[in-house]
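Architecture at a glance
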Amino acid sequence: LRVVKFRRTGESSRSEEEVISGEHEVQIEGVQTELEPVELEDGAAVPKEFANPTDDTFLVEDAVEAIGFGKFQWKLSVITGLAWASNYAMEMMILSILAPQLHCEWRLPSWQVALLTSVVFVGMMSSSTLWGNISDQYGRKTGLKISVLWTLYYGILSGFAPVYSWILVLRGLVGFGIGGVPQSVTLYAEFLPMKARAKCILLIEVFWAIGTVFEVLLAVLVMPTLGWRWLLILSALPLLLFAGLCFWLPESARYDVLSGNQDKAIATLKRIATENGAPMPLGKLIISRQEDRGKMRDLFTPHFRWTTLLLWFIWFSNAFSYYGLVLLTTELFQAGDVCSISSRRKEVKAKCSLTCEYLTEEDYTDLLWTTLSEFPGVLVTLWVIDRIGRRKTMALAFLVFSLCSLLLFLCVGRNVLTVLLFIARAFISGGFQAAYVYTPEVYPTATRALGLGTCSGMARVGALITPFIAQVMLESSVYLTLVVYSGCCLLAALASCFLPIETKGRGLQESSHKEWGQEMVGRGSHSPGVTRSNSGSQE
């Protein structure tokens, strides 16, 4: 007899023993077991072959752990990665290519060029919470499909913008749609077994790098001949492929259970089990008590209030530092080092405001190298996140970035400057991905999408502010600029250490901390003797 033992942490282990003391035994489809006769109230016995074998209960998490990682998750990884590359990375990378082109072609002043970038982040910031609410109320798949189609539509329209005001509005609407992309991570995480979750979510960063590299290569081919309008149209077309693949995506089984749609959740789990060639647990799938979903107040209950506030600052610091470094890199490369840019501040300012320069082949090469520097960051984060935990990984990323920023005070040569900038970008990129791993893990299913959405919104606030530091403040004092970024990351490292919950080795929560205890009491009445540890407690 093969028995699957479920623990509250979400781990599963198999044993050949017929009786395992202290563990909850769940039958597997196709496995015949000895059942004791069931006594009725009048004393009659029901033959054991007619006894109900489904008195045991299990959560969606238990089923996901029992089914394991297989063919279904590989398909989901590719589809989620495609969303990340086409709907996020390419549309963000195009900002660094479009701005100088329009600056020259339409003779735009510097503040209008900066506004063209900022409006995308305004759209992302204003929509992040909305997409989170839609995903919590109507399903992860629904929210993701709407956001992708929205981005596709306005992305193509951007290529037909006749004047600056039109493209400003259309790019803002594109940013509004991009704000829903993080929900793909929510859907993805809810189908992953615990042991594979961190590594798989981190691998999404590989698709980010692939998307940015593809966008630069596309620009090299399209810009010299067809121009920026065709670049915008062609950059949006991969979204059409993802929109078609969305019909293959199932709705989150965790969301269906929370919504009271047990039959649909079971059908989804059976589909995954069939594709993976794994057994499906028998027994009753627990339907969590229905509650209000997607409410902002749920993020500020006593159990999650401190976590929410710290995560908001961590996400703000991540985006503030990451995009700030991207903007600083070009300025520092042009000057040679910090000392040069400081001594020639007025000359740099005059050059930026009076001259118009199209991107050259060397500029595209620098963009490629900068993008490729993120791959080491993914590998380092992938190696340490399950060894030292999520909180320490984020703290390490912020500390290394802060250290590299301070070392830029030295009058180093271009080679050392390049190494410091690439190390800083690699670690801040890895820290961003660690936050994407931690956030869906720390919130329960009821508020997971909303929690990730609000954190993403705070990241857009940081991205919106950082051009004024990396470009405007840089003209006044390069040292003050570096101090701002370094100080922000030091505070973010402390915030990471003070997070009250470590999610390493813990399964996804199905419900809030208070209701979890009630759910366990209810489950105990169905299955006496079942022992499960409470993973929702703060560490």
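Remember, it's a predicted structure, so these values are computed and weren't measured experimentally.

Thresholds, definitions, all that
- Here, residues in each chain are numbered from 1, in the same order as that chain's written sequence.
- Residues qualify for local features only when their pLDDT is at least 70, as the model is predicted, and side-chain atom pairs are given and counted only at 80 or more; totals for whole chains, interfaces and linings, by contrast, use all residues.
- Values shown for side chains rest on all heavy atoms present in the structure; no hydrogens or waters enter the calculation.
- Per the convention used, a helix needs a DSSP run of H or I reaching at least four residues, while a strand needs a run of E reaching at least two, with both numbered from the N terminus.
- Note on contacts: a residue pair qualifies if any of its non-hydrogen atoms lie within 4.5 Å across the two residues.
- For every accessible area listed, the method is Shrake-Rupley and the probe measures 1.4 Å; residues are considered covered only by the protein chains on display.
- The nonpolar core is taken to be a set of buried Ala, Val, Leu, Ile, Met, Phe, Trp, Tyr and Cys residues, with the residues joined through side-chain atoms within 4.5 Å.
- Exposure categories follow from relative accessible area, calculated using a 1.4 Å probe and restricted to protein chains: below 20% of the type maximum is buried, above 50% is exposed, and the middle band is partly exposed.
- Domain borders in the structure are assigned automatically or taken from a domain database.
- Note on aromatic contacts: the rings of Phe and Tyr and the six-membered ring of Trp form a pair at centre separations within 6.5 Å, being stacked when their planes are under 30 degrees apart, edge-to-face when over 60 apart, and tilted otherwise.
- In our convention, an over-ring charge means Lys NZ or Arg CZ found within 6 Å of a ring centre and within 35 degrees of that ring's normal.
- Where helices are involved, their axes are fitted lines through C-alpha atoms of the stretch in contact, as for all axes, and angles between N-to-C directions lie from 0 to 180°.
- What makes a crossing left-handed is the near helix being turned counterclockwise from the far one by less than a right angle; a clockwise turn instead makes it right-handed.
- We call Asp, Glu, Lys and Arg charged. Ala, Val, Leu, Ile, Met, Phe, Trp, Tyr, Cys and Pro are nonpolar, and the rest, Gly among them, are polar.
- By definition, a salt bridge exists where a carboxyl oxygen of Asp or Glu is found within 4 Å of a side-chain nitrogen of Lys or Arg.
- Expected span of a helix: the number of residues minus one, times 1.5 Å.
- What sets the label is the angle itself: under 35 degrees gives roughly parallel, over 145 gives roughly antiparallel, 65 to 115 gives roughly perpendicular, and the rest give oblique.
- Candidates for patches are residues over 30% relative accessible area with no salt bridge; among them, like charges are joined within 9 Å and nonpolar side chains (Val, Leu, Ile, Met, Phe, Trp, Tyr) within 5 Å.
- Two N or O atoms form a polar contact when they lie within 3.5 Å of each other; inside protein one atom must be a possible hydrogen donor and the other a possible acceptor, and for residues adjacent in sequence the pair counts only when both atoms belong to side chains.

Let us now look at the overall build of the protein. Scanning the protein from N- to C-terminus turns up 21 helices and seven strands. Sequence separation of 24 or more characterises 82% of the internal contacts of the protein that already satisfy a separation of 6 or more. Counting every atom, the protein has about 22200 Å² of accessible surface; 64% of that belongs to carbon and sulfur.

By size, the foremost hydrophobic cluster in this structure holds 131 residues, and its most contacted members are Y88, M92, I167, L311, W315 and Y436. Sort the elements by how many residues they give to this core and helix α2 (residues 71-105) lands first, with 15 residues. When residues of this core are assigned to domains, at least three fall in each of domain 1 (55-285) and domain 2 (295-339 + 357-502). In contact with L311, not counting residues within four places along its chain, are Y438, T439, V442, Y443, C455 and L499.

A separate point is the environment of L379. Position of L379 among the secondary structure elements: in helix α16 (residues 374-388). In this structure the C-alpha to C-alpha distance between L379 and A426, which are 47 residues apart in sequence, comes to 9.5 Å.

Before going further, it helps to spend a moment on the packing of aromatic side chains. For the structure shown, the criterion picks out 20 aromatic pairs. Summarising the aromatic geometry, the rings of F69 and W74 are spaced 5.2 Å apart at their centres and angled 85° between planes, so their arrangement reads as edge-to-face. The exposure class assigned to W74 is exposed, which follows from its relative accessible area of 54%. Here W131 and F176 contribute two aromatic rings whose centre-to-centre distance is 6.0 Å and whose plane-to-plane angle is 65°, an arrangement assigned as edge-to-face. Within this pair, whereas W131 is found in helix α3 (residues 110-138), its partner F176 is found in helix α5 (residues 164-178), the two being separated by 45 residues in sequence. These aromatic residues form a ring-pair network of at least three members: W84, F121, W315, Y322, Y323, F432 and Y436. Over the ring of W248 we find R271; its NZ or CZ atom is 4.9 Å from the centre of that ring.

Right, let's talk about the packing of α2 against helix α9 (residues 238-245) for a bit. Look at α2 against α9: their axes get within 9 Å of each other, and the N-to-C directions meet at 145°. The handedness of the crossing between α2 and α9 is left-handed. Of α9, the residues touching α2 (which contributes I79, L82, A83, S86, N87 and M90) are P238, L239, L241, F242 and L245. Residue classes in the contact of α2 with α9 are distributed as nine nonpolar, two polar and no charged.

Enumeration over the complete set of coordinates arrives at six salt bridges. In this structure, E502 and R391 form a salt bridge, with 3.3 Å as the shortest nitrogen-oxygen distance. Within this pair, whereas E502 is found in the loop between α20 (478-497) and α21 (513-526), its partner R391 is found in helix α17 (residues 390-407), the two being separated by 111 residues in sequence. For E502, a relative accessible area of 8% gives the class buried. In the salt-bridge network here, residues are joined through shared partners; they are K75, R271 and E275.

What follows concerns α20. Compared with the 28 Å implied by 1.5 Å per residue over 20 residues, the 29 Å span of α20 between its first and last C-alpha is a close match. When α20 is considered as a whole, its buried residues turn out to be V478, T481, L482, Y485, S486, C488, C489, A492, A493, A495 and S496.

Once that is clear, we can look at the packing of helix α4 (residues 140-158) against α5. Where α4 contacts α5, the axes come no closer than 8 Å and their chain directions differ by 160°. Relative to α5, the element α4 lies roughly antiparallel. Both α4 and α5 take part in a crossing whose hand is left-handed. Contact residues: S147, W150, T151, Y154, G155, L157 and S158 in α4; I167, L170, R171, L173, V174, F176, G177 and I178 in α5. Class assignment of the residues belonging to the contact of α4 with α5 gives a composition of nine nonpolar, five polar and one charged.

Turning to a nonpolar patch on the surface, a few remarks are in order. Residues W306, L309, L491, L494 and F498 make up a contiguous nonpolar surface patch of roughly 550 Å² in combined accessible area. Relative to the helices and strands, L494 is located in helix α20.

Further remarks concern the side chain of N276. Here N276 is to be found in helix α11 (residues 262-276). Dropping the residues within four chain positions of it, N276 is found in contact with I67, G68, F69, G70, K71, F72 and Q73.

This part covers the side chain of S158. You can see S158 is positioned in helix α4. Accessibility expressed as a relative area gives 0% for S158, which makes it buried. A polar side-chain atom of S158 sits 2.8 Å from the main-chain carbonyl oxygen of Y154. Once residues lying within four places of it in the same chain are set aside, the contact partners of S158 are I167, L170, R171, V174, W228 and L232.

The next thing to look at is the environment of L98. Examined against the element boundaries, L98 turns out to sit in helix α2. The spatial distance from the C-alpha of L98 to the C-alpha of L232 is 8.8 Å, given a sequence separation of 134 residues.

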